[in-house]
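One letter stands for each residue in the lines below.
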Amino acid sequence: MSVETQNSQRLDLSAIRNRLGASSAREYWRSLEELAETEDFQRYLHREFPEHASEWNDPAGRRKFIKLMAASLALAGIGGCTRQPAETIVPYVRAPEQFVPGKPLYYATALTLGGIATGVLVESHLGRPTKIEGNELHPASLGATDPFAQASILSLYDPDRSQVISEAGRISTWGAFLAAATRALQDQKAKAGRGLRILTGAVTSPTLSAQLQSLLKLYPQARWHQYEPASRDNAKAGSLLAFGQIVETQYRVDRANVILSLESDFLSSGPGCLRYAREFSSRRRLEDHQRGMNRLYVVESTPTNTGSIADHRLPLPAAEIETLARALAGRIGVPGVAGPSSLPRGGVESWIGSVARDLLKNRSDCLVIPGEQQTPGVHALAHAMNHALGNVGHTVFYTDSVEANPVDQTESLRQLAADMAAGNVEMLVILGGNPVYDAPADFDFARRMDRVPLRIHLGLYEDETSNLCHWHLPEAHALESWSDARAFDGTVSIQQPLIAPLYGGKSAQELLAALSGQPGRSGYDIVREYWKSQEPGPGFESFWRRSVHDGVMEGTAFRPRNVSLRPDFAAQVAAPAAREGQGLEVVFRTDSTIYDGRFANNGWLQELPKSLTRLTWDNAAMLSPATAQRLGLASEDVVELRLEGRSVRAPVWVLPGQADNTVTVHLGYGRTRSGRVGTGVGFSAYAIRTSTAPWSCHGLEIIKTGDRHRLACTQSHHSMEGRNLVRTSTLDEYTREPDIIQKMSASPTPSLSLYPGFQYTGYAWGIVIDLNACVGCNSCVVACQAENNVPIVGKEQVSRGREMHWLRIDRYYRGDLDNPETFHQPVLCMHCENAPCEIVCPVAATAHSDEGLNDMVYNRCVGTRYCSNNCPYKVRRFNFLQFNDETTPVLKLMRNPDVTVRSRGVMEKCTYCVQRINEARITAEKDMRSVRDGEIVTACQAACPTQAIVFGNLNDPASRVARLKASPRNYGLLTELNTRPRTTYLARLRNPNPELEAS
Amino acid sequence: MPQVFHRSTNTLSRLSIYGAVFALAGLGWAGLEINRSPYVTQAFVARSQPVPFSHKHHVQGLGIDCRYCHTSVEDSSFAGIPPTKTCMNCHSQIWADSPTLEPVRASFRSDTSLEWIRVHDLPDFVYFDHSIHVSKGIGCSSCHGQVDQMPLVWSVNTLQMEWCLDCHRQPELHVRPKDQVLNMNYQPPADQLTLGQKLVRDYKIRRLDYCSTCHR
């Protein structure tokens, strides 16, 4: 019985609506399949691993398999008697200082996304970086990381990274490249660099920008272009509209009582999101709320993590958000802005009224955040609203741009493309980036690039762009090279290498130095000398050492600036958005896992279930249920998306909460040259994305093809059959009746067991997860994967339900199909007191420890999978195949040496990071003391930007975890089964506006 | 019809049936004993090394402290194998021309590591930590034997789980005062049990015998 051969039953959306209408408002649902009770879903429900027997489902194969098993069983005992092969110990010849074998070292560095830095600490075992942690001293990290940073370890060791310098596809040398480049540059020198073009991404690095400036001095007529597919052009343009200059906007989210997001996913994407998430969650914690809980309103076209935690969320097509912003600005009293004569749809009017009153009530304590992808008009209106509400200087600050040379990047690339078409470009140097793949479709970049006589590409991979370049140079990864970069607030971090370039890569700084006639200068010299020129004097050495050590350069954050609205501001934004065309609206977004495509070859990110769709290994065209019904489409139908004469084929995904008549597609997929992991995965939304509408436009046509494309979704696996697993209430209800959460389900008394309970005299570990803080950002999932050597399994295995993540984030819905409430729930091993898995294991491979952990012993496990069968939480993972790559040498360097690399046929699951517990216990015992509260931080907890996960000793009543567990919000999953889980949750509370709640 | 078999066949067949039970049990016992024997565990088998380094000479003869070479034994899970530089600290002066030490000098000259054969080799799924054992009063010789009397090192224990558990279940039988940890000739006193129980209390030694103590 193969899933592939089954005809998936079409979802009957009107039946779903009827069911929802008939059910009580408190009913949770999880996915459309569950609601519709399709056959597919029922099959998943009754078999956890739906395809586990299909490896040998032909009778002959099965018979042979049993024979082989019998033989191996007979030989198994003999196998136990083999002698261990001789192993060698290879000590240093001269040991470096500070290296203690067996003890990791941590180095501060920074990782950039779109040029903007987040400070990290990298764990290094004898020179091998193995794990990324956040840098508490860094303003953009505060100790947390995003999934991209966590996964960068895998990118570093990726065996598919380019490893040789190549000229027209043939292996070449650095010397040969230098000779060719020098010849071309001499030629350019004579022309003052008229034909020289340099293309970079967004640059915040002071060193790199100084190098570029001095190169432009050498070649005065050369040009420096910048392009990021996920550019922040709209924010810059909005700032120009409002203030007449480009400034950076920063928020103090913790000071705001009321926050309105105009399609901004500020809690999980964009510069500073980790900090904003921390600040936001500090006002969602009831346990320390001196200033009261905040309230979040979100208007958005596509469901985001920020929208999912909003108190009020309004789905609206992207194009209508500017109209809404104008109406709101009119209500708030922004001078000169009159609300539009008509609002696009009913119901919105009262919504706007309530939000405006709420904002006005909280003057100077509120915040309006425009989304980076929204129009310049929305940005300008948001600036004006923040001014009118008196937020500037309190919750909103303006600073200089963190980019060294802030330009309109789309225009910059347009200029380059035009120059190339005109034949003005003779030498093009591309420093990172992949414009052939991700440039706007109307630039026709690949064809125009063909006219450039010398094209040089520096990149991590041999990608689409390097394929069309004469020279490809392997780029050094951020963990292999010296550089510097600014964070969202301007703070400079020195990026230091953790390991020598694995594949002989060069950094952009080193290549630029070579092009400026200084070949062979090391990245270290370049960066250090730049800063020496900035900080001359005797104090430099200590300044430098301190900056490198701390990962932040003191006093480099930008100071807030005073900016005032342009007097003609109202006229600037008055242009009505009359782009109401026919057809559907298409919205482009970066992907929450592989971003703009740069992480396409990263298996951890490819297999990371996307926060809201739970899809892996694919992108899809997101449609709202109503739109899908109108068009007669269902999930996994393949459609052709046509926009302005361009088209791409894409599978459909029906997403509750999506704005009607809006189709969202995510960038980054459909790579043709990426590597073994990323090539040919998904479809490229860049094919229909143009420079005039980089984020959204109207006029999309959807043509049904009749084909179907199976998507690997982790959504309907592990279903918990509608038990009240996520408990929520509102702040008012909870304040009136604090035990409302406890009343939602009865727990059996501990005396239900025949046996006396175990007395935990030492430690008793436990975790509590605050669902009010969790935004579903997925950092914990990747952090767990990196820490615990969790393998990836591939799309086919995921669709069989065999993904290996020890920690998953379940997503539940409640209420209305068109705009449901969304809940994220991280689920890891519960370490039950009465663990159902332990009693069924025939070989005692899973057993309880004296500290309350449910231990899993891999070397004992024989793979019966009884434990997984008996686990009500479905957190156990089985290695059906040899998922861990044990042969690729470079991947061996990546693994955490403190955790066993599991092999085929073994069950595994979350251990509460027992390696970290043991390490801390040993350290404490050597000092003859107890482990302090907060000394052990699990990998998921460390990565969490909102500090939603708290680990600690339940036996210590003063510990944070014990205090949180005493909260009336605390509850366990499926406690009615008397499993007595150690992982518990704090119920989610909403803080709705009573005005809107009544309607 | 005459009997085909003699009457004694009955006894013989009974004997062989009952005997088979003992024979099988004996086979099992033999298998377990083989598994514990030096043939499998390589205990008491001196391993030849790239350089015939003698602990007997350096420890007993010269009185060099264990920690001169095994520097991280008090800090880390791994006791540490000295870098070639440590050898050369002395051997650039003493026995500087000895042909036996040529591999050491070659390593130092060419900057390539010496590759020592591991004698105490735990399976890869076991995570052992030297530092905690040393700081809780478990002597070097408790596990490694009297290394000061070994010209080439051999292990004196099976390093099997039952051997680990013997001590983990009853640490009071094996613990010694902290100042005796490095003493190669330490002999437990007659009242080890009394002393052990006192030390277990003083050093706050816990009976750690659950799986994740060593397996993770």
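Rules and cut-offs
Residues take numbers from 1 onward in each chain, read along the sequence in its written order. Going through the entries in the order they are written, you letter the chains from A and number the ligands from 1. A pLDDT threshold of at least 70 governs which residues receive local features in this predicted model, and a stricter bar of 80 or more applies before side-chain atom pairs are shown or counted, although totals over entire chains, interfaces and linings include all residues. Only buried Ala, Val, Leu, Ile, Met, Phe, Trp, Tyr and Cys residues enter a nonpolar core, and they are joined through C-beta atoms within 7 Å. Three classes are used. A residue is buried when 20 or more other C-beta atoms lie within 10 Å of its own, exposed when 12 or fewer do, and partly exposed in between, with C-beta atoms placed from the backbone. Any residue pair is listed as a contact if its two C-beta atoms, each placed from the backbone, are within 7 Å. Paired strands are those between which DSSP finds at least two bridges. Put simply, DSSP H or I for four residues or longer makes a helix, DSSP E for two residues or longer makes a strand, and each gets a number counted from the N terminus. Note on definitions: angles span 0 to 180 degrees between N-to-C directions of axes, and those axes are lines fitted to C-alpha atoms, for helices only across the stretch in contact. Here the nonpolar group is Ala, Val, Leu, Ile, Met, Phe, Trp, Tyr, Cys and Pro; Asp, Glu, Lys and Arg are the charged ones; every other residue, Gly included, is treated as polar. Either an automatic procedure or a domain database provided the assignment from which the domain bounds are taken. Summary of the metric used: pLDDT quantifies the predictor's per-residue confidence within the range 0 to 100. Oblique is the label for every angle not falling under 35 degrees (roughly parallel), over 145 degrees (roughly antiparallel), or within 65 to 115 degrees (roughly perpendicular). Here is the rule for handedness: rotate from the far helix to the near one, and if that takes an anticlockwise turn smaller than a right angle the crossing is left-handed, while a clockwise turn gives right-handed.

### What to know about the nonpolar core
Moving on, step 1. The biggest cluster of nonpolar side chains holds 263 residues, and the ones touching the most others in it are Leu328(A), Ala384(A), Met385(A), Ala621(A), Val652(A) and Val663(A).
Moving on, step 2. For Leu328(A), the contacting residues outside a window of four places in its chain are Ile352(A), Val355(A), Ala356(A) and Met385(A).
Moving on, step 3. Val73(B), Val134(B), Cys140(B) and Val175(B) belong to the second-largest nonpolar core, a separate cluster that totals 8 residues.

### What to know about the sheet that holds strand S39 (residues 983–986) of chain A
Residues and elements named next belong to chain A.
Moving on, step 1. What the 4 strands build is an open sheet, ordered S37-S30-S39-S38; its pairing is mixed. In this open sheet, the two strands that pair with only one neighbour each are strand S37 (949–953) and strand S38 (970–972). Across the sheet, the axes of successive neighbouring strands diverge by a mean angle of 30°, strand direction being ignored.
Moving on, step 2. Taken together, the 4 bridges between strand S30 (residues 765–770) and S39 define a ladder with parallel strand orientation. Directly across from Val 768, in S39, lies its bridge partner Thr 984.

### Section: unusual backbone geometry
Moving on, step 1. Unlike most non-glycine residues, Glu636(A) shows phi in positive territory, near 80°.
Moving on, step 2. Relative to the helices and strands, Glu636(A) is located in the loop between helix H23 (625–631) and strand S24 (637–643).

### Thoughts on the interface of chain B and chain A
Moving on, step 1. Between chain B and chain A, the residue contacts involve 39 residues of the former and 37 residues of the latter.
Moving on, step 2. At the level of elements, helix H1 (8–36), helix H5 (84–91), helix H6 (102–110), strand S1 (116–117) and helix H7 (130–135) of chain B are the ones that each hand at least two residues to the side of chain B that touches chain A.
Moving on, step 3. Among the elements that make up the side of chain B that touches chain A, the one with the highest residue count is H7(B) (3 residues).
Moving on, step 4. Grouping the amino acids of the side of chain B that touches chain A by side-chain chemistry returns 15 nonpolar, 14 polar and 10 charged.

### With respect to the environment of Gln374(A)
Residue and element names in this part refer to chain A.
Moving on, step 1. You can see Gln 374 is positioned in the loop between strand S14 (366–370) and helix H13 (376–388).
Moving on, step 2. Assessed through the 27 C-beta atoms surrounding it within 10 Å, Gln 374 is described here as buried.
Moving on, step 3. Filtering out sequence-adjacent residues up to four positions away, Gln 374 remains in contact with Asn 234, Leu 262, Glu 263, Ile 321 and His 379.

### Let's talk about the domain arrangement of chain A
All names here are of chain A.
Moving on, step 1. Split into domains, chain A comes out as domain 1 (166–231 + 405–550), domain 2 (247–400), domain 3 (584–713) and domain 4 (761–990).
Moving on, step 2. Domain 2 and domain 4 are separated by 35 Å when their C-alpha centres are compared.
Moving on, step 3. Counting from both sides, the interface comprises 17 residues of domain 2 and, opposite them, 18 residues of domain 4.
Moving on, step 4. Broken down by secondary-structure element, the contributors of at least two residues to the side of domain 2 that touches domain 4 are helix H9 (273–282), helix H10 (305–308) and strand S13 (312–315).
Moving on, step 5. A total of 4 residues in the side of domain 2 that touches domain 4 trace back to one element, the largest contributor, which is H9.
Moving on, step 6. Across the side of domain 2 that touches domain 4, the residue classes tally to 7 nonpolar, 4 polar and 6 charged.

### Details of the confidence of the model for chain A
Residues and elements named next belong to chain A.
Moving on, step 1. Mean pLDDT over chain A: 88, with 88% of residues reaching 70 or higher.
Moving on, step 2. Counted against residues more than four places away or in other chains, residues 1–9, with its pLDDT under 50, gives 12 contacts.
Moving on, step 3. Under a pLDDT of 50 for its full length, residues 49–56 has, in the predicted model, 15 contacts with residues more than four places off or in other chains.

### Topic: the domain arrangement of chain B
Residue and element names in this part refer to chain B.
Moving on, step 1. The domain architecture assigned to chain B consists of domain 1 (8–36), domain 2 (43–80 + 119–216) and domain 3 (82–115).
Moving on, step 2. The C-alpha-based centres of domain 2 and domain 3 are spaced at 28 Å.
Moving on, step 3. At the junction of the two partners, domain 2 supplies 4 residues and domain 3 supplies 8 residues.
Moving on, step 4. Across the side of domain 2 that touches domain 3, the residue classes tally to 4 nonpolar, no polar and no charged.

### Section: the packing of helix H11 (residues 321–332) of chain A against helix H12 (residues 348–361) of chain A
All names here are of chain A.
Moving on, step 1. Between H11 and H12, whose axes approach to 9 Å, the crossing angle comes to 45°. The pairing of H11 with H12 is recorded here as oblique in orientation. Viewed along their axes, H11 and H12 form a crossing whose handedness is right-handed. Where H11 approaches H12, its residues Leu 324, Ala 327, Leu 328, Arg 331 and Ile 332 are matched on the opposing element by Val 348, Ile 352, Gly 353, Val 355, Ala 356, Leu 359 and Leu 360.
Moving on, step 2. Across the contact of H11 with H12, the residue classes break down as 10 nonpolar, 1 polar and 1 charged.

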